[in-house]
Each structure stands twice: as C-alpha cells, then as structure tokens.
Amino acid sequence: MKQIAAGLLALLIYCALAGYIGWAVFIWLTSFSLVINGWFFLLFWVLLSFSYFIGMLGHKWLGFTIAGSYWLAFFQYALLIVPLANLAVIAISHPQDVQFTGTVAAALFLLIFLFGTFFAYSPVVRKQEFTVKGSGEDLDIVIASDFHLGVLSGKRHLKRFVDLSNKLEPDLVLLAGDLVDDDPIWYARYGMSEVMRRLESKYGVFGVLGNHEYYGKKIPLLVRVMEESGVSILRDETVEIAGSFNLTGREERTNGKRDLLENLKPASGLPWIVMDHTPSDLKTPVELGVDFHISGHTHKGQMWPNHLITKRVFELDYGYRLKEATHFLVSSGFGFWGPPIRIGSRSELWFVRMKFENK
C-alpha cells in the first residue's frame, strides 16, 4: 500500500512539473501572436511527457522511444532553466519580457543539445599506465563500457569504437557491461555483429553483463549474439590467458545470486584482472589481492550536474585510482543511456598499459 501511495505521489509531482514547463512553453509561443489551440497543445504535451513510457510498451512504439529519450534531457534542464526564465520575466517588467526571456532560454536549450550531441558522438581515448607484480611482456588493454547499443547508440557509433580500438593494436579488449540498451533485438536487427567482429586483439575480446542486460530479460539471446560477434561473455568465470594473467568476469549485482568474488579467485599467482560492471565495492578486491579492477555504470552522471549524485553514491564514480596494491578504473562509457546527450562527461574508451614489475 505504501509503495502504491509513493508511486501515485511521484506521478502527481511529475505531472505537476511537466505541466508547469508546458504552461511556460505555451505562454512563450503565444507571445509571438501565434494561434495555438490549447487542447491540441495539451494533448501534444501529455504525449511528449509520457513518450518514453509509451515507447516501453513494445518495438512498434519506436518513435515514442526516440522522442522520449530527448524529452528526458529537455525535462532535466527545463527544471533548471524555466524557473530562472520566470524570475527574469518578473525582474525585467517589459512588454516583451516573456518573448525575450523565452527566446534566450530556447537558445540555451539549443546550445545544450548541440554541445551535448557532440560530446556523446565524438569519443576520446584516455590513457593510463601502471605496474603490477608479475612477469611478462607489457599488456596493452582497450577498455570500454556502457555502449547501450540500440537505436540512438547504433551501428555507426559502434564503428567509431572498433576503428579507434583497432588503431591502438591492443593485446586485449574488455567490455565492462551494458553492451545493449535492455533488448538485444536492435543489435541483431541492425547488423551490429558484423561491425563488432572486426575488433582485433591478440588475446581476444571479453565482456560482462550490466544491469540493463538484466532489465531486458533476454540474457541467453544477448550471450549468443555476442558470441557470434566474437565477444566472450564471462559470467562469474575466471580464465587464465596465455599463461600470463587471470581474467574474472562477474555477474552484475542485479543478480542477487551472483557468486562471491573470493570464490572466483584463481589458484595461480598470476596477475588478476576483474571486470564488475558496477563499482559498488572497492574493499573486497583490495582484500583479495586483485591487481586491476574495471567497472563502468556511472556514466559520470552523463549530464551535469548528475555527477554530484554519482560522487555521493560511489566511492569511485569515475577515473583511475590506486588503492593499496589494487588499481581501479571506472569508465564513463562509450555510449549513453536515454538521450544522446553528454554535458560534463564525454564518450570514451581507455587504453591501459599494464606493466609487470619483474619482466
């Protein structure tokens, strides 16, 4: 009963906020003496406000999914910009105050979407180098996470990753979860496997599941299409590679029955790399002697100022950190969730050179 009451309250708050923003937009549009039917605008605004949820009804509602993704970005920044615009109208007190402030706000939205789209679709390569105990040749690793491959993060964006990765000529490619955006159907339908198969590396391409693979509830299909794409999905598994190092891929914490990391610890004393999509626990890897721990999930908030939230939720929400003898890396992701917008973060892949102390 409490959950239902909380859900209804959240719905009422959301409707009130969406209505407030819609009212502000309607007033601004009519300030240009445009003839707009109020009922038609109301219907349009209700559909737009709930477009993301309508898109969740099925694949045939794809248009609503796309519109809803952009709405999420608009809604977040409207909550920041529209109240400021209203205060400006009160302060200016001019016959054309609504028209002027509304136009400035619209221009600001346009800049946010232009720059956000650029940062989402123009990935960068970030580099890190460190040394671990062990013997062997330096290991060059390409790391990426949170592709959310589907409709908006699609085949062309995946090609950017493959091209960047191949230019780096890595020994190993690691994909740290959320490879698809819930449902792998778009990955399969748009022929993304033919692009993923072009990835080149000495020791292969390995991945783990993220929370969105669990949301999609089609994990067997996802694992199969990834295997067809040349990506080995590790599910609470540890493999020894080339007699040089061990690689563990953990089930995502959404799976409440996932194995304990201590049960996945290799018997050999070779350097140990662990992939775990969500960086929820930095203490256990340190205690167990993990050499290199890789995560994603946080997106670094994706859109400012959401990073303030991720910083409070996670001990390490982004970047590289050495904690005792364990090297941690959390990527902001190569793709994006929801809107193809990044503000205060950028699509990225990491190129890590892991050196061995005793060659």
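Residues numbered from 1 in each chain as written. Predicted model: local features only at pLDDT ≥ 70, side-chain atom pairs only at ≥ 80, totals over all residues. Heavy atoms only, no water.

### Thoughts on the side chain of S153
Link 1 in the chain: Within the secondary structure, S153 sits in the loop between β2 (139-144) and α6 (155-168).
Link 2 in the chain: Note on S153: relative accessible area 2%, which makes it buried.
Link 3 in the chain: Here the side chain of S153 touches F147 through a polar contact of 2.8 Å, landing on its backbone oxygen.
Link 4 in the chain: With near-sequence residues (within four places) excluded, S153 lies in contact with F147, H148, M192, G335 and F336. (Helix = DSSP H or I, 4+ residues; strand = E, 2+ residues; numbered from the N terminus. Buried < 20%, exposed > 50% of the residue type's maximum accessible area, 1.4 Å probe, protein only. Polar contact = N/O pair within 3.5 Å; in protein donor to acceptor, adjacent residues only side chain to side chain. Contact = heavy atoms within 4.5 Å.)

### A few points about the nonpolar core
Link 1 in the chain: With 29 residues, the main nonpolar core has F147, L158, F161, L175, Y187, M196 and M226 as its most contacted residues.
Link 2 in the chain: Those elements that provide at least two residues to this core are β2, α6, β3 (172-175), α8 (193-196), α10 (219-228), β5 (231-233) and β12 (348-356).
Link 3 in the chain: Looking at which element gives the most residues to this core, the answer is α10, with five residues.
Link 4 in the chain: With sequence-adjacent residues up to four places away left out, Y187 is seen in contact with L149, L158, V180, M192, S193, M196, V225, M226 and S229.
Link 5 in the chain: Counting 24 residues, the second largest nonpolar core, distinct from the first, contains L172, L234, I241 and F245. (Core = buried A, V, L, I, M, F, W, Y, C linked by side-chain atoms within 4.5 Å.)

### So, the sheet that holds β2
Link 1 in the chain: With mixed pairing, the six strands of this open sheet are ordered in space as β1-β12-β2-β3-β4-β5. Among the strands making up the open sheet, the edge pair consists of β1 (124-132) and β5. Going across the sheet, the axis of each strand differs from the next one's by a mean of 25 degrees, ignoring polarity.
Link 2 in the chain: When β2 meets β12, the two strands line up antiparallel, connected through five bridges. Within β12, the residue paired with I143 across the bridge is W350.
Link 3 in the chain: In this fold α6 packs onto β1, β2, β3 and β12, with an angle of close to 25 degrees to the strand it touches most, β12. (Pairing = 2+ DSSP bridges. Axes fitted to C-alpha atoms, helices over the stretch in contact; angles between N-to-C directions.)

### Re the packing of aromatic side chains
Link 1 in the chain: In this structure the tally under the stated criterion is 30 aromatic pairs.
Link 2 in the chain: Ring geometry for F147 against F161: centres 4.9 Å apart, planes inclined by 80 degrees, an arrangement best described as edge-to-face. In this pair, F147 is assigned in the loop between β2 and α6 and F161 in helix α6, connecting sequence segments 14 residues apart.
Link 3 in the chain: Note on F161: relative accessible area 0%, which makes it buried. (Phe/Tyr/Trp six-rings, centres within 6.5 Å; stacked < 30°, edge-to-face > 60°.)

### Some remarks on the sheet that holds strand β6 (residues 237-241)
Link 1 in the chain: One open sheet holds the six strands; their spatial order is β6-β7-β8-β9-β11-β10, and the pairing between them is mixed. Edge positions in the open sheet fall to β6 and β10 (319-323), since each of these has one partner strand only. When the angles between neighbouring strand axes are averaged without regard to direction, this sheet yields 15 degrees.

### Points about the packing of helix α1 (residues 2-30) against helix α4 (residues 62-92)
Helices that pack against each other are described as a pair by the angle of their axes relative to one another and the distance between those axes.
Link 1 in the chain: Closest axis-to-axis distance for the α1/α4 pair is 10 Å, and the angle between their directions is 65 degrees. In the crossing of α1 with α4, the sense of the turn from one axis to the other is left-handed. The residues of α4 that touch α1, namely those facing Y14, L17, A18, Y20, I21, W23, A24 and V25, are W71, F74, F75, A78, L79, V82, P83 and N86.
Link 2 in the chain: Broken down by class, the residue content of the contact of α1 with α4 amounts to 15 nonpolar, one polar and no charged. (Left-handed = near helix turned anticlockwise from the far one by under 90°. Nonpolar A, V, L, I, M, F, W, Y, C, P; charged D, E, K, R; others polar.)

### Focus: the packing of α1 against helix α2 (residues 38-49)
Link 1 in the chain: Between α1 and α2, whose axes approach to 10 Å, the crossing angle comes to 135 degrees. Our classification of the angle between α1 and α2 gives oblique. Regarding α1 and α2, the two cross each other, and that crossing is right-handed. Taken together, the residues of α2 that come into contact with α1 (itself represented by Y14, A18, I21, G22, V25, F26 and L29) are G38, F41, W45 and S49.
Link 2 in the chain: Residues of the contact of α1 with α2, tallied by class, amount to eight nonpolar, three polar and no charged. (Parallel < 35°, antiparallel > 145°, perpendicular 65-115°, else oblique.)

### Considering the pattern of salt bridges
Oppositely charged side chains are able to pair whenever their charged atoms sit close together.
Link 1 in the chain: Considering all chains together, one arrives at 13 salt bridges under this definition.
Link 2 in the chain: Between R126 and E348 there is a salt bridge, with its nearest N and O atoms 2.5 Å apart. With R126 in strand β1 and E348 in strand β12, the pair connects residues that are 222 residues apart, well separated along the chain.
Link 3 in the chain: Residue classification places R126 among the partly exposed positions, given a relative accessible area of 28%.
Link 4 in the chain: Judged by relative accessible area, which is 0%, E348 ranks as buried.
Link 5 in the chain: With a shortest N-O distance of 3.1 Å, D276 and R258 are connected by a salt bridge. Remark: R258 occurs in the loop between β7 (245-249) and β8 (272-275) and D276 occurs in the loop between β8 and α11 (283-288); sequence separation between them is 18 residues.
Link 6 in the chain: Through salt bridges with shared partners, a single network forms among K159, D163 and R198. (Salt bridge = Lys/Arg side-chain N within 4 Å of Asp/Glu carboxyl O.)

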